[in-house]
2 protein chains.
Amino acid sequence: MASTDSNPFRSMNGPMEPERILLAHGGGGRLMHQLIDGLFGLTLLDGAYDKKHDGVVVEPGSTRVAFTTDSFVVHPLFFPGGDIGTLAVWGTVNDLAMCGARPQFLSAGFILEEGFEMDLLRRIVHSMRAAADRAGIKIVTGDTKVVDRGKGHGVYINTAGLGIVDRNVQIEPGRIAPGDVIILNGDIGRHGIAVLSAREGLSFAFALESDLAPLAGPVLHMLDSGIDLHCLRDLTRGGLASALVELATTRGLNICIEEQRVPVCAEVRSACEILGFDPLYVANEGRFIAFVSPADAPTALDVLQSYGTGPSVIGSVTDCVSGIVTVRTPLGTKRIVQMFSGEQLPRIC
Amino acid sequence: MASTDSNPFRSMNGPMEPERILLAHGGGGRLMHQLIDGLFGLTLLDGAYDKKHDGVVVEPGSTRVAFTTDSFVVHPLFFPGGDIGTLAVWGTVNDLAMCGARPQFLSAGFILEEGFEMDLLRRIVHSMRAAADRAGIKIVTGDTKVVDRGKGHGVYINTAGLGIVDRNVQIEPGRIAPGDVIILNGDIGRHGIAVLSAREGLSFAFALESDLAPLAGPVLHMLDSGIDLHCLRDLTRGGLASALVELATTRGLNICIEEQRVPVCAEVRSACEILGFDPLYVANEGRFIAFVSPADAPTALDVLQSYGTGPSVIGSVTDCVSGIVTVRTPLGTKRIVQMFSGEQLPRIC
C-alpha cells in the first residue's frame with residue numbers, strides 16, 4: 001500500500017510527510033477496508049480465519065464458537081434511542097448474530113479519561129447490564145484503564161463476544177450465490193441521523209431515535225424456522241451501500257437493488273436532504289441484510305415482519321462476476337454504487 | 001460507594017463537585033478495586049462468574065474455555081524490551097495462562113488517533129503478529145476505530161483471548177489453602193522501571209529491559225508435570241504487593257513473605273532507591289506467583305528454573321483468617337503490606 005502511486009495519503013500529506021491515520025480510516029469506507037485488507041489482513045490476522053465477516057467461527061474443542069470484537073467511540077455518549085453502553089453490548093451481540101450464533105458471553109474493557117464523571121459511568125454501566133439482560137448475554141469479564149485528561153473522550157468501551165453456532169449453520173460471504181434474494185429488515189439511516197442531531201445540537205421538527213436494537217432474536221428465529229441463511233451483514237458504519245459493495249467485491253458477484261424498495265422514513269429523508277447525505281450510506285445499529293435463496297424469501301419476510309421494523313426484499317444477486325452494485329432508481333435509470341473513501345459521519349459507533 | 005462518608009472522591013473534589021475518575025482508578029490499587037468490586041461487580045458482571053480472577057472459565061457447549069480481555073494504553077508506545085503491540089498480545093496470553101488455559105484465539109481492537117503515523121502502526125502490528133506466533137495464539141478477528149486528534153494518544157489496543165482449559169484444571173483464588181507455598185517465577189520490577197525510564201527520558205547507568213514475556217509455556221509445563229496449581233496471578237499493575245493483598249483479602253487468609261527471598265536486580269533496586277519506589281509495588285509483565293501445596297513446590301521450582309528467570313519460594317499462606325499480608329524483613333522485623341490507593345506509575349500497560 002505504502003509504495004504505490006495511488007496511495008491516498010501521499011497527496012494529502014505532501015511528499016515528505018509521513019503517512020498518517022485519517023478519521024476516514026475508521027469510517028467503514030474504502031480507506032478502512034484498505035487498512036483492514038492490507039496491513040491487518042496481510043500481517044495480523046491468521047489467513048485461515050480471514051473470511052471478511054463481522055466475526056469468526058472457531059472451534060476450541062468440540063464446540064463451534066463465534067468470536068467477535070468491537071470498540072465503541074461514539075460521540076456523544078448519549079443520543080436519542082441509546083447510549084454508548086447499550087451500543088457496546090448490542091453492537092457485539094449483533095456481530096455474533098450475523099454469524100448465526102446464540103450470544104452467550106461478553107467481555108467489557110473500559111478506557112476512561114481522567115476527570116470523567118462517575119455518575120455518567122454509572123448510567124452507562126447500568127445501560128450495559130440492561131442491554132445484556134435483554135439480549136440474553138452474560139458479561140463475565142472485564143478490564144479498566146484510565147488515561148490522562150485530554151488523551152481520551154470520556155469513555156471508550158471495547159466488548160468481545162462469544163456465541164454458540166449450531167453445526168449445520170454456515171453463514172458467510174462465501175455462500176452468497178447468483179439468484180440470492182436480499183432482504184433488509186427495516187428502514188435505514190435512523191442511527192446516523194440521531195447521533196448527528198445529538199452531536200451537533202440540531203433540532204429537527206421531529207424526534208428521531210436511533211434504530212439501535214439487538215438482532216440475535218430475528219436471526220435465530222429465521223434459523224429456527226428452517227431458513228438456510230447464506231450471509232448476513234449488519235449495516236453499521238458506511239450504511240447499506242458500503243455493506244453491499246464490500247460483499248459484491250469480496251465475492252466478485254453483481255448485486256442489483258431497487259431504490260424504491262429500500263425503506264427510508266420521512267424524518268431521515270428530510271434530514272438527508274437538508275444535510276446533503278445519501279441515506280444509503282448513513283449508519284444503522286439495528287438493521288441488517290440477509291442473503292437467502294428465492295424459495296426461502298417468503299418465510300424470512302414473514303419472520304422479520306413479526307418484529308415490526310418493516311422488512312423488504314430490496315434486490316438480488318445476479319450471475320455477472322464483475323463485483324458491481326447497481327441501484328435502479330424509481331425513474332428506471334441505473335447508477336453504480338461505490339464505497340466512499342471514509343464516512344459522512346465519523347464516530348457514530 | 002457514592003453515598004458513604006468514606007468515599008475517596010468527596011474530599012478530592014470538594015463537596016459540590018461531582019465525583020470523577022482519577023488516574024488512580026486505573027492503577028491496580030485500592031481505588032481500582034473499589035470500582036471493580038463496586039460498580040462493575042455489583043451492576044455489570046454476572047454474579048456466577050465473578051471469581052476475582054484474571055479471566056473467566058466458561059462452557060459454551062462441552063468445552064471449557066478461558067475468556068479474558070485487556071485494553072492497553074501504555075505510554076510511551078515503545079519501551080526497552082517491548083512495545084504496546086507485544087504487550088497487547090502477551091498481556092492477554094498471560095491472563096489466559098493464569099487460568100491454566102492453552103491459548104488459542106485472540107481478537108484485536110484498535111482505537112487510533114487521527115494523525116497517528118502509519119509507520120508506527122505498521123511496526124506495532126508486526127510486533128503483534130510476531131508475539132502471537134511466539135506464544136502460539138492466532139489473531140482471528142479485529143476492529144478499527146479512529147478518534148479525533150487530541151481524543152486519543154496515538155493508539156490504544158484491546159485484545160480478548162480464548163484458550164482451552166483441561167477438565168481437571170481448577171485454578172482460582174477459591175482454591176488457595178492454608179499451608180500453600182508461594183512461588184515467584186523471577187525478579188520483580190523490570191517492566192515498570194523500563195517504561196518509566198522511556199517515558200521520562202531517564203538515563204540510568206545501565207540498560208534495563210522490561211521483563212515482558214509470554215507465560216503460557218511455564219504454566220502449561222507445570223501442569224504437564226502433574227503439579228496441582230491452586231492459584232496463579234500475574235504481577236502487572238500494582239506489582240507483587242497488590243496481587244498478594246488482593247488474594248489475601250478475597251480469601252480471608254494470611255500470607256507471609258520473606259523479603260530477602262523476593263529477587264530484585266541491582267538495576268531495579270538502584271532505580272527504586274533514587275525514585276523513592278518500593279519494588280514490591282512496581283509493575284511486571286512477565287512475572288507471576290503460583291500457589292501450590294508444599295509437596296508440589298520442588299517440582300514447580302524445577303520446571304520454572306528451566307526458563308532461566310530465577311524462581312524462588314517467597315513465602316506461604318498461614319491458617320489465620322484476617323486477610324493480611326506480612327513481609328518479614330532481612331532484620332527479622334515484620335511489616336504489614338497494604339494496597340496503594342493508586343499506582344506509583346500510571347499507564348504502564
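Bear in mind that the values here come from a model prediction, so they are computed numbers and not experimental data.

Criteria and cut-off values
- Residues numbered from 1 in each chain as written.
- Chains lettered and ligands numbered in written order.
- Predicted model: local features only at pLDDT ≥ 70, side-chain atom pairs only at ≥ 80, totals over all residues.
- Helix = DSSP H or I, 4+ residues; strand = E, 2+ residues; numbered from the N terminus.
- Rg over C-alpha atoms; globule rule 2.2 N^0.38 Å.
- Buried ≥ 20, exposed ≤ 12 C-beta atoms within 10 Å, placed from the backbone.
- Contact = placed C-beta atoms within 7 Å.
- Least-squares fit on C-alpha atoms with pLDDT ≥ 70 in both.
- Nonpolar A, V, L, I, M, F, W, Y, C, P; charged D, E, K, R; others polar.
- Expected span 1.5 Å × (residues − 1).
- Pairing = 2+ DSSP bridges.
- Axes fitted to C-alpha atoms, helices over the stretch in contact; angles between N-to-C directions.

(A) View of the overall build of chain A. Per the secondary structure count, chain A includes nine helices and 14 strands. Taking 349 residues into account, the globule formula puts the C-alpha radius of gyration at 20 Å, and chain A, at 20 Å, falls close to it. Counting only C-alpha atoms and orienting by the principal axes, one finds that chain A spans roughly 55 × 50 × 50 Å. Looking at chain A residue by residue over its 349 residues, the buried ones come to 58%. Here the contacts in chain A between residues at least 6 apart in sequence split such that 84% fall between residues at least 24 apart.

(B) Just the relation of the copies chain A and chain B, in detail. Least-squares fitting of chain A to chain B yields an RMSD of 0.0 Å, with the transformation described by 0.0 Å of translation along the axis and a rotation of 180°. Both copies of the chain, as the preceding transformation shows, are related through a two-fold rotation axis. When the interface residues of chain A are mapped onto chain B, 100% of them again fall at the interface, so both copies present the same face.

(C) How the structure looks around the interface of chain A and chain B. Taken together, the 74 residues of chain A in the interface contact 74 residues of chain B. Taken together, the elements giving at least two residues each to the side of chain A that touches chain B come down to helix 2 (30-44), strand 1 (56-58), strand 2 (65-72), strand 5 (102-113), helix 4 (118-135), strand 6 (138-147) and strand 7 (155-164) of chain A. For the side of chain A that touches chain B, the leading source of residues is strand 6 of chain A, giving ten residues. Counted by class, the side of chain A that touches chain B contains 36 nonpolar, 22 polar and 16 charged residues.

(D) Representation of helix 7 (residues 239-251) of chain A. Residues and elements named next belong to chain A. Spanning 13 residues, helix 7 covers 19 Å between terminal C-alpha atoms, matching the ideal 18 Å at 1.5 Å per step. Listing the buried residues of helix 7 in full gives Gly 239, Leu 240, Ala 241, Ser 242, Ala 243, Leu 244, Val 245, Glu 246, Leu 247, Ala 248 and Arg 251. At its buried positions, helix 7 is contacted by helix 2, strand 9 (231-234), strand 10 (254-258), strand 11 (288-292), strand 13 (325-328) and strand 14 (334-337). With its phi angle positive at about 65°, Gly 252 sits one or two positions after the end of helix 7.

(E) Spotlight on the sheet that holds strand 14 (residues 334-337) of chain B. Residues and elements named next belong to chain B. Spatially, 9-11-8-12-10-13-14 is the arrangement adopted by the seven strands of the open sheet, whose pairing is mixed. Here the strands that pair on one side only, and so sit at the sheet edges, are strand 9 (231-234) and strand 14. Pairwise comparison of adjacent strand axes, ignoring direction, gives a mean angle of 25° for this sheet. Sheet analysis places strand 8 (residues 181-184) next to strand 12 (residues 312-318), joined by four bridges and oriented antiparallel. Residue pairing in the sheet places Ile 182 in a bridge with Gly 315 of strand 12. On top of the sheet, helix 7 (residues 239-251) reaches strand 9, strand 10 (254-258), strand 11 (288-292), strand 13 (325-328) and strand 14; it is set at about 155° to strand 10, its chief contact.

(F) View of the sheet that holds strand 6 of chain A. One open sheet holds the five strands; their spatial order is 1-2-7-5-6 (chain A), and the pairing between them is mixed. Of all the strands in the sheet, just strand 1 and strand 6 of chain A have a single pairing partner and so form its edges. Along the sheet, successive strands turn relative to each other by an average axial angle of 20°, direction set aside. With ten bridges joining them, strand 5 of chain A and strand 7 of chain A adopt antiparallel strand pairing. Bridged to Arg 102 of chain A within strand 7 of chain A is Ile 164 of chain A. Sitting on the sheet, helix 3 (residues 84-98) of chain A touches strand 2, strand 5 and strand 7 of chain A, and the angle it makes with strand 7 of chain A is about 30°. Taken strand by strand, helix 2 (residues 30-44) of chain B contacts strand 5 and strand 6 of chain A, and its axis lies near 150° from that of strand 6 of chain A.

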